[in-house]
Amino acid sequence: GQNVMVKILVQNKLAGGVIGKAGATINSIKEASGARVKVSNNQETFPGTNDRIILIQGSINTVLTASRLVVAELAKQEPQVQNPETVGDAFAAGAAPPASEAPMTIVVVIPAQACGLIIGKGGERINALREQCQAKIQLQSKDRIIQGLDERTV
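This write-up is about the structure you can find in this document. (Residues numbered from 1 in each chain as written. Predicted model: local features only at pLDDT ≥ 70, side-chain atom pairs only at ≥ 80, totals over all residues. Heavy atoms only, no water.)

1. A word on the pairing of strand 2 (residues 36–39)
- Alternating residues of strand 2 divide into Val37 and Val39, all buried, and Arg36 and Lys38, none buried.
- Examined bridge by bridge, strand 2 and strand 3 (residues 52–59) share four bridges and lie antiparallel to one another. Residue pairing across strands places arginine 36 opposite glutamine 57, the latter belonging to strand 3. (Buried < 20%, exposed > 50% of the residue type's maximum accessible area, 1.4 Å probe, protein only. Helix = DSSP H or I, 4+ residues; strand = E, 2+ residues; numbered from the N terminus. Pairing = 2+ DSSP bridges.)

2. Examining the sheet that holds strand 4 (residues 107–111)
- Read across the sheet, five strands follow the order 2-3-1-4-5 without closing on themselves; strand pairing throughout is antiparallel. Edge positions in the open sheet fall to strand 2 and strand 5 (151–153), since each of these has one partner strand only. Pairs of neighbouring strands in the sheet enclose a mean axial angle of 25 degrees, with direction left out of account.
- Inspection of the sheet shows strand 4 paired to strand 5 by three bridges, in the antiparallel sense. Its bridge partner lying in strand 5, isoleucine 110 is registered against arginine 152.
- Contacting strand 1 (3–10), strand 2 and strand 3, helix 1 (residues 12–19) crosses the sheet at an angle of about 40 degrees to strand 3. (Axes fitted to C-alpha atoms, helices over the stretch in contact; angles between N-to-C directions. Contact = heavy atoms within 4.5 Å.)

3. Remarks on the nonpolar core
- Counting residues in hydrophobic clusters, the biggest one holds 28 residues, and the most contacted among them are Val37, Ile54, Ile56, Val70 and Leu74.
- Elements supplying a minimum of two residues to this core: strand 1, helix 1, helix 2 (24–33), strand 2, strand 3, helix 3 (60–77), strand 4 and helix 4 (115–119).
- For this core, the element with the highest residue contribution is helix 3, accounting for six residues.
- When sequence neighbours within four positions are dropped, the list of residues in contact with isoleucine 54 reads Val6, Lys7, Ile8, Val10, Val18, Val37, Lys38, Val39 and Val70.
- Ranked by size, the runner-up nonpolar core spans five residues in total, among them Phe46, Ile53, Val107 and Val109. (Core = buried A, V, L, I, M, F, W, Y, C linked by side-chain atoms within 4.5 Å.)

Spatial relationships are all this shows, so hold off on functional conclusions.
Dropping the structure here:
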């Protein structure tokens, strides 16, 4: 299958929960999904944010599985977080409902060239995704893109 990659942005204080004690959580996510999963160290943040990057790579199915597991892990931590500003994952909206039914924010990084595919002609695709996932999906506005960066957040 084709190799794909997903970048999820996560607050530093939530990154530890994804890694787990001595890497136990991230290792079980890797094992259960078959994907490569890496969390950036706390000095490596996404440009223009203080968020760490969870990089998930593999086939489409392994990446989807790992993404759902990461989001489920973030959902477990969410209730204790006062400011659920940014957590992260692409396919998460419809993936795993959070433990509480409180809305959760997931931030995903996509190539800027892919934005048109997500939006679709006249916004058809993004509206269908919003309907399907029952989620609010928002692309970073063009004026907020960091110069020289060919990626946008969703």
